[in-house]
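Breakdown of the fold
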Amino acid sequence: MEDTYQTIAGPAEGLYKEKGSKFLAFAFPVFSEDDVKDRLAELRKKYYDARHHCYAYMLGADKSRYRANDDGEPNHSAGDPILGQIRSADLSNVLVVVVRYFGGTKLGVSGLITAYKTATADALAQATIVEEHETAQLQAHFEYPQMNDVMSLVKELNLTIKDQQFELDCKLTIELRKSLVEEVSSRLESIDGVKVKPA
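Let me sum up the structure you'll find in this document. Source: prediction; values computed, not measured.

Next up on the list: the side chain of Ser185. Position of Ser185 relative to the elements: it lies in helix α5 (residues 181-189). Here the side chain of Ser185 touches Val181 through a polar contact of 2.8 Å, landing on its backbone oxygen.

This part takes up the sheet that holds strand β4 (residues 52-59). Here five strands make up an open sheet; going across it, the order is β2-β3-β6-β4-β5 and the pairing antiparallel. Every other strand in the sheet has two partners, leaving β2 (12-18) and β5 (65-69) as the edge strands with one partner each. Strand-to-strand twist in this sheet, taken as the mean axis angle between neighbours without regard to direction, amounts to 15 degrees. Direction of pairing for β4 relative to strand β6 (residues 94-101): antiparallel, over a ladder of seven bridges. In the strand pairing of β6, Tyr57 is matched with Leu95. Lying on the sheet, helix α3 (residues 108-126) is in contact with β2, β3 (21-29), β4 and β6; it crosses β2 at an angle near 150 degrees.

Here the focus is the nonpolar core. Counting residues in hydrophobic clusters, the biggest one holds 25 residues, and the most contacted among them are Phe23, Ile82, Ile86, Val96, Val98 and Tyr116. Those elements that place two or more of their residues in this core are β2, β3, β4, α2 (79-88), β6 and α3. For this core, the leading source of residues is α3, giving six residues. In this structure Phe23 touches Gly14, Leu15, Tyr16, Val98, Val99, Arg100, Leu107, Leu112, Ala115, Tyr116 and Ala119, once residues within four positions along its chain are discounted. One finds Cys170, Val184, Leu188 and Val196 within the second-largest nonpolar core, a separate group that totals 17 residues.

With that settled, the discussion passes to the packing of aromatic side chains. Per the stated rule, a full pass over the model turns up four aromatic pairs. Between the aromatic rings of Phe23 and Tyr116, the centroid separation amounts to 5.0 Å while the plane-to-plane angle is 80 degrees, which identifies the pairing as edge-to-face. In this pair, Phe23 is assigned in strand β3 and Tyr116 in helix α3, connecting sequence segments 93 residues apart. Per residue, the accessibility class of Phe23 equals that of Tyr116, and both read buried. Arranged with centres 6.5 Å apart and planes meeting at 5 degrees, the rings of Tyr55 and Tyr57 form a pair that is stacked. When the ring centre of Tyr66 is taken as origin, the NZ or CZ atom of Arg87, which lies over that ring, is 4.6 Å away.

About the cut-offs
Residues numbered from 1 in each chain as written. Predicted model: local features only at pLDDT ≥ 70, side-chain atom pairs only at ≥ 80, totals over all residues. Heavy atoms only, no water. Helix = DSSP H or I, 4+ residues; strand = E, 2+ residues; numbered from the N terminus. Polar contact = N/O pair within 3.5 Å; in protein donor to acceptor, adjacent residues only side chain to side chain. Pairing = 2+ DSSP bridges. Axes fitted to C-alpha atoms, helices over the stretch in contact; angles between N-to-C directions. Contact = heavy atoms within 4.5 Å. Core = buried A, V, L, I, M, F, W, Y, C linked by side-chain atoms within 4.5 Å. Buried < 20%, exposed > 50% of the residue type's maximum accessible area, 1.4 Å probe, protein only. Phe/Tyr/Trp six-rings, centres within 6.5 Å; stacked < 30°, edge-to-face > 60°. Lys NZ or Arg CZ within 6 Å of the ring centre and 35° of its normal.

Here it is as structure tokens:
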């Protein structure tokens, strides 16, 4: 299905050493640009004395959002090799940051490409790869009397409830596979008095 992608189950680390330089690679599952910023900020704080924090990320089941950053290394010598490894592993919703400690000897562009590529490959090799589905959220609005019908449909379709407010006017936020949005929306709206909109 077009909403399926592979990602990593949790953070993983890799390491590459060359001529005294150390390349520490950190792979994270991420779901938004904000996640990316948070992870980068954590690493910059923790490894504040490192010369470079180069990174790349890929987002979305369709892999349409991605970015590579050389962070002061020569153009295309760091971010692109990192991104290339994410691509060749066929992953998405992944951020890899490679923190470099300079060892005093310049490695040259080809040496850097090898170093960033190898450190990234090592981190991704340590990661557990999982298959995920891209999800969407819907909000259902209904009145209290419709509650039983709505809840039995939620149960039948095995939907994940993210948020619920049950008062006179009820509101339910559910998470589901992107590919099921239309079907679930129309089934919910077939219950009299239920209105559905994207959350």
